[in-house]
Amino acid sequence: MILELGIIIIVILLGCYLWHCFRRIEKLSKKCTILNRQLQHQIKKHHESLQELMSLREEFSSTILSDPLTGLPSRKIFEDHLELTVSQSLRHQLTCSVMFLDLDGLRIINDALGYEVGDALLKEVAQRLRICVRQVDTLSRFSGDEFVFIFSQIAKAEIAAYIAQRLLDAITQPFLIQDQELYLTGSVGIAVFPMDGKDGKTLVKNADIALSQAKLRGHNTYQFYQEEMQTLSRRELILSSSLHNETSYQHFNIYYQPRIDLETKKIVCMEAILQWHHPDFGLVPFEEFSRLAEKNNNIVAISEWLLRNVCHDLIKWREHGLYTQTASIQISLKQLENAHFIQKISTILREMNLEASDLIFEITESSLLTKIDLVEKMLHMLKRLGVQIAINHFAAGHLPLQNVRRLPIDIFKIDRSLVYDIDTNPEGEMIIKMIVALAESLQSQIAADGVENSNQKNALLALGCTTMQGGLFSPPILAKDFNEKVLESI
């Protein structure tokens, strides 16, 4: 009996122990399941992170190796290829060339039609340029509208000129983008190894300098690097830096050239001519520093300084009894693009207590060849203000007559190139007759620039032009030198 009871107790205890073990195993199993799930989740997250990292790596590598828009080789790849090409050319005594191509007019297309059209156009340009390069050559895109090439294994430098012209021809053909026919031109700068540089860095720098000179020469042209361009580039850098400093204004001088009405024998206008006597370079031609001022966005501030000083001189002359009807100042397209231009003129006239009709604003004919809608709007606003408008260098360019009729022109200034041989050139005489007739039909005036002798004066008078200026009457003079004696001699 006792034995049986002991066995039962042992069985019960054993059963409790086994049940307890089973419960622990069950709990451990659940924990293992949870841990397994967590581990699987972590493995999945790690895998996804790895995939994302690999994708980013591929995207980064693609960006490093190629231009995202055009797919052309990146700048890093270009530099590696250039280093290799130069070393091979040196080893095998071959000629290679670096060329920069800059698109003329892409900014206007972006402004007018949007960047989507501009990007589509860039892709088309890249496709055309690809056709112009061989497998041994390299084409890359450095910036928005600037492409750069390495042409290797060139037998002689003259072939580079043929290649450059081929590049220009490729982009002058019309583009059809989103059902719109678009036109581009380009400028190309060329540097040739080893004449223009014995390493890649120098070749790139000199090709870029040559590109700047090509753009100065006009659109759709190429320019080889020349050693004197280095000096020109340095000059441009110094002049540009000087213009950013207002102390440069103390080196500005305003000269005035009288414009004479030969019928009344009176000075009807004093044309302001701004000159810059730079401490290092001496007299800087107006065309040069005005171009730099426009490029660096200094032209608006300089023009305001000029306007204030011209108004001041006009007041001083009148106080001394040296009466001239008006003063004329040349304005640029950059000024017309400035939203505060009209307001600034009104403020200065009010401060100086002058009438708007005391001023003539002259704009060159070449400035009217682009953005005619903007020019028309701004010139009409100036006209409503009371300022007189003149076209300078008229008939020197190719301004369509339908554009002339849209503009409120008070004075057509005949370009000096027509006046130069007016007494011997029948074609020039015919053009001036047409200008006189045009001015009469538009109820405008005419004035001739660059009259240097009596033969020119008499020929112009015979054609009906009575208002003139030039060395025959007076050279440009400083305001302080304009006095009664000068007035009598004129």
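Residues numbered from 1 in each chain as written. Predicted model: local features only at pLDDT ≥ 70, side-chain atom pairs only at ≥ 80, totals over all residues. Heavy atoms only, no water.

## Here we look at the overall build of the chain
Thinking step 1. For the chain, the count of helices and strands is 17 helices and 17 strands.
Thinking step 2. By the burial criterion, 43% of the 490 residues in the chain qualify as buried.
Thinking step 3. If you take every contact in the chain between residues at least 6 apart in sequence, the share linking residues at least 24 apart comes to 67%.
Thinking step 4. As displayed, the chain has an accessible area near 27,700 Å², and 55% of this comes from carbon and sulfur atoms. (Helix = DSSP H or I, 4+ residues; strand = E, 2+ residues; numbered from the N terminus. Buried < 20%, exposed > 50% of the residue type's maximum accessible area, 1.4 Å probe, protein only. Contact = heavy atoms within 4.5 Å. Areas by Shrake-Rupley, 256 points an atom, 1.4 Å probe, with all protein chains shown as cover.)

## Focus: a positive patch on the surface
Thinking step 1. On the surface, a cluster of positive charge is made up of Arg24, Lys27, Lys30 and Lys31.
Thinking step 2. Residue placement: Lys30 occurs in helix α1 (residues 2–65).
Thinking step 3. Lys30 gets classed as exposed once you look at its relative accessible area, which sits at 53%. (Patch = residues over 30% accessible without salt bridge, like charges linked within 9 Å, V, L, I, M, F, W, Y side chains within 5 Å. Salt bridge = Lys/Arg side-chain N within 4 Å of Asp/Glu carboxyl O. Lys, Arg positive; Asp, Glu negative; His and termini not counted. Charge placed at Lys NZ, Arg CZ, Asp CG, Glu CD.)

## A closer look at helix α15 (residues 426–441)
Given 3.6 residues to a turn, an α-helix orients residues that are three or four positions apart in the same direction.
Thinking step 1. For α15, which comprises 16 residues, the first-to-last C-alpha distance of 23 Å matches the rise-based estimate of 22 Å (1.5 Å per residue) to within 8%.
Thinking step 2. If you follow the buried residues of α15, they end up packed against β13 (388–394), α13 (401–406), β14 (411–414), α14 (416–419), β15 (445–448) and α16 (454–462).
Thinking step 3. One side-chain oxygen of the residue at the start of α15 lies 3.0 Å from the amide nitrogen of Glu427, identifying that residue as Asn425.
Thinking step 4. With its phi angle positive at about 55°, Gln443 sits one or two positions after the end of α15. (Expected span 1.5 Å × (residues − 1). Polar contact = N/O pair within 3.5 Å; in protein donor to acceptor, adjacent residues only side chain to side chain.)

## A short note on the nonpolar core
Thinking step 1. Counting 76 residues, the largest nonpolar core has Leu336, Phe341, Phe361, Leu382 and Phe412 as the members making the most contacts within it.
Thinking step 2. Among the elements that make up this core, the one with the highest residue count is helix α9 (residues 299–319) (eight residues).
Thinking step 3. Ignoring anything within four residues of it in the chain, the contact list for Leu336 reads Ile331, Phe341, Ile363, Leu374, Val375, Met378, Leu379 and Leu382.
Thinking step 4. Of all hydrophobic cores here, the second largest spans 33 residues; its members include Met99, Leu106, Ile163 and Val192. (Core = buried A, V, L, I, M, F, W, Y, C linked by side-chain atoms within 4.5 Å.)

## Focus on the sheet that holds strand β2 (residues 138–143)
Thinking step 1. Overall, mixed pairing links the five strands, which are arranged β2-β3-β1-β6-β7 in an open sheet. Edge positions in the sheet fall to β2 and β7 (221–224), since each of these pairs with one other strand and no more. Recorded for the sheet is a direction-independent mean angle of 20° between the axes of neighbouring strands.
Thinking step 2. Taken together, the seven bridges between strand β1 (residues 95–104) and strand β3 (residues 146–154) define a ladder with antiparallel strand orientation. Bridging from a neighbouring strand, Val98 pairs with Ile150 of β3.
Thinking step 3. Each of β1, β2, β3 and β6 (185–193) is contacted by helix α2 (residues 75–92), which is oriented at about 25° to β3, the strand it contacts most.
Thinking step 4. Packed onto the sheet, helix α5 (residues 158–172) meets β1, β3, β6 and β7 and runs at close to 160° relative to β6. (Pairing = 2+ DSSP bridges. Axes fitted to C-alpha atoms, helices over the stretch in contact; angles between N-to-C directions.)

## Considering the packing of α9 against helix α11 (residues 341–352)
Thinking step 1. The N-to-C vectors of α9 and α11 enclose an angle of 25°; their axes lie 11 Å apart at closest approach. Relative to α11, the element α9 is oriented roughly parallel. For the pair α9 and α11, the sense of crossing is right-handed. Facing α9, whose interface residues are Glu304, Leu307, Arg308, Cys311, His312 and Ile315, α11 presents Lys344, Ile345, Ile348, Glu351 and Met352.
Thinking step 2. For the contact of α9 with α11, the class distribution of residues is six nonpolar, one polar and four charged. (Parallel < 35°, antiparallel > 145°, perpendicular 65-115°, else oblique. Left-handed = near helix turned anticlockwise from the far one by under 90°. Nonpolar A, V, L, I, M, F, W, Y, C, P; charged D, E, K, R; others polar.)

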